[in-house]
Amino acid sequence: MACGSCGTTENGVPKGCKSNGNCGSGSCGSGSEKLAVFDWLSNMSLPSGQERFNIFEVRFKNGRKHFFKNVDNLPLIMGDIIAVEGSPGHDIGTISLAGELVKVQMKKRKITEDHEDVKKIYRKANQRDIDIWQAARAKEEETQRKGREILGRLGLQMKLSDVEYQGDGNKATFYYTADARVDFRQLIRDLAGAFSIRVEMKQVGARQEAARLGGIGSCGRELCCSTWLTDFRKVSTSAARYQQLSLNPLKLAGQCGKLKCCLNYELDTYLDALKSFPKQDVILRTEKGDAVFVKMDIFKKHLWYTYKEERFKWFQLTLEQVHEIIDLNKNNEKSIPLEEYESELEIPVKVDFEDAVGQDSLTRFDTPKTSKRRNNRNKRNKKPVAATANSSKENTQNQPPKRRPKRNPNQKPKATGNPNQKPKADGNVTQPKANNKPKRTPRPKADRKPNKPKNSNEPNQPKAEGSKPNKPRRNNKNRNNNKPKNGESPQEK
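Just so we're clear, the structure is a prediction, and the values are computed from it rather than from any experiment.

About the criteria used
- Residues numbered from 1 in each chain as written.
- Predicted model: local features only at pLDDT ≥ 70, side-chain atom pairs only at ≥ 80, totals over all residues.
- Heavy atoms only, no water.
- Phe/Tyr/Trp six-rings, centres within 6.5 Å; stacked < 30°, edge-to-face > 60°.
- Lys NZ or Arg CZ within 6 Å of the ring centre and 35° of its normal.
- Helix = DSSP H or I, 4+ residues; strand = E, 2+ residues; numbered from the N terminus.
- Contact = heavy atoms within 4.5 Å.
- Axes fitted to C-alpha atoms, helices over the stretch in contact; angles between N-to-C directions.
- Parallel < 35°, antiparallel > 145°, perpendicular 65-115°, else oblique.
- Left-handed = near helix turned anticlockwise from the far one by under 90°.
- pLDDT = per-residue confidence, 0-100.
- Salt bridge = Lys/Arg side-chain N within 4 Å of Asp/Glu carboxyl O.
- Buried < 20%, exposed > 50% of the residue type's maximum accessible area, 1.4 Å probe, protein only.
- Pairing = 2+ DSSP bridges.

A. Fine view of the packing of aromatic side chains. Counted under the stated rule, the structure contains six aromatic pairs. The ring of Tyr175 carries the charged tip of Arg212 above its face, separated from the ring centre by 3.7 Å. Lying across the ring of Trp304, Lys295 places its NZ or CZ 4.7 Å from the centre.

B. Seen up close, the environment of Gln105. Within the fold, Gln105 resides in helix α1 (residues 101-108). Separated by 48 residues in the primary sequence, Gln105 and Glu57 have C-alpha atoms spaced 8.6 Å apart. Setting aside anything within four residues of it in sequence, one finds Gln105 in contact with Val37, Glu57, Phe67 and Leu97.

C. Representation of the packing of helix α3 (residues 140-154) against helix α4 (residues 185-195). Contact geometry for α3 and α4: axes closest at 11 Å, N-to-C directions at 140°. With respect to their mutual orientation, α3 and α4 come out oblique. Between α3 and α4 lies a crossing whose hand is right-handed. Facing Thr143, Lys146, Gly147, Ile150, Leu151, Arg153 and Leu154 of α3, the residues of α4 in contact are Gln186, Leu187, Asp190, Leu191, Ala194 and Phe195.

D. Region of the structure containing the confidence of the model for the protein chain. On average, residues of the protein chain score 77 in pLDDT, and 65% of them reach the 70 mark or higher. Every residue in residues 18-32 scores below 50 in pLDDT, and together they form 32 contacts with partners more than four places removed in sequence or on other chains. Across residues 422-427 the pLDDT falls below 50, and counting only partners more than four positions away or on other chains, this stretch makes eight contacts in the model.

E. Structural detail: the pattern of salt bridges. Under the defined criterion, the tally for this structure stands at 19 salt bridges. Two residues, Asp80 and Lys124, come together in a salt bridge whose shortest N-O distance is 3.8 Å. Separated by 44 residues along the polypeptide, Asp80 in the loop between β2 (65-69) and β3 (81-85) and Lys124 in strand β5 (residues 119-124) bring together distant segments of the chain. The exposure class of Asp80 is buried, given its relative accessible area of 16%. The exposure class assigned to Lys124 is partly exposed, which follows from its relative accessible area of 42%. Taking the shortest distance from any N to any O, the salt bridge between Lys171 and Glu200 comes out at 2.7 Å.

F. Representation of the sheet that holds β5 in the model. Read around the barrel, five strands follow the order β1-β2-β5-β3-β4 and close on themselves; strand pairing throughout is mixed. Across the sheet, the mean angle from the axis of one strand to that of its neighbour is 55°, orientation sign disregarded. Across the sheet, α1 touches β1 (55-59), β2 and β4 (90-97), and the angle it forms with β1 is around 70°. Contacts between helix α2 (residues 127-138) and the sheet are confined to β3, β4 and β5, with β4 contributing the most and set at about 100° to the helix.

G. Quick peek at the sheet that holds strand β12 (residues 315-318). Read across the sheet, four strands follow the order β9-β10-β11-β12 without closing on themselves; strand pairing throughout is antiparallel. The two strands at the open ends of the sheet, each matched to only one other strand, are β9 (284-285) and β12. The pairing of strand β11 (residues 302-307) with β12 spans four bridges and is classified as antiparallel. Bridge pairing in β12 links His302 to Thr318.

Structure follows, in structure tokens:
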């Protein structure tokens, strides 16, 4: 059903539509292809002795269609651009349907063959007609912009939604929407003087305006009114109530500002399903008290009721249980409490993902993973209390000497926070009695030995002048050498 310019090259690369929206195949989906009809009778031959139907359906801008009679019996097919009768002058359109299906469309719109709206076809459009038509179409956007400026200057309460030029460029139709009656006589004079054309004003509804402009709905698809929907039925809020939808105007309204047409699509199915349900104002009388309706699930056939005195608790019942209670109430009998009915209700277990072929769970990425390295590190760092105490003592003994600034022997030692520590005569602070091992004090710089040089067997070898002494290496050898002998203070070594 694609035209020649929509095909593909020899390598399979699509060419793309080069007809600029004037494709006559009815399958391109461009702006002029709205409400296209597929001719499923095109391959069928007519019975013998029957002539072909000489009325054609012609499509104009934004899906506007009219029927025209082929008086001169021109050889026309679907997709031909033709010049038809206008008012006044002529218009340019594209044949969208031909043959016997035109009878079906005319019957649907209640138009007869001798109707006054069925005008005649002049000829096939030549290149000059097409050039004038395309030049007129190019002026529509600028005309609409200037027309809105004139509307704002006049202060009229109306909205100019679209402008359509006739094929010969001598006439323009202005489509507008308004809530009340508008006196636009001055507007017509201003528009005719500004553009030097004949002006026709046509009022459309909000749904027709959305159909002409088009757009994408909340479902993610193109609007139904601009693609295939032709009759706009009345949509009321009762359609939403029957389908148990929340009456939120922001969600129920479409781009036209009215209720969505798709609310009527499934309404018949819901109405058929609701025939077996009791009315919502029916009160269930039980031994514990009267119960009123709360909500329902139509396709699962579940209903929720609550007591009038205890509305904080909802009880889920099946449709059969509710009918059983209603039948008892009709016989002036009270049923057992709703708690016992709810306990009899068997809730089916939800079938979760089954690992039948060794696959991973579908929800494996929902829960955050814990780091194994962090847990192992914490386990290694955790030690018993006794071990930590012994290790802390060994660390204090094996620590290398820290450098402290020289202190004046005449200066009194500062008081520390531990009351068990007592100052000695030489100014040093003794450890508490609980710790038998003496704490090592740093040696004065004069008594310190120079560090052992690398690659040397001598224990103490002086370095050359001007070189800095190396810091003591923290290894087991130095730690063993730095330990004080028994009964010997670190200063007497």
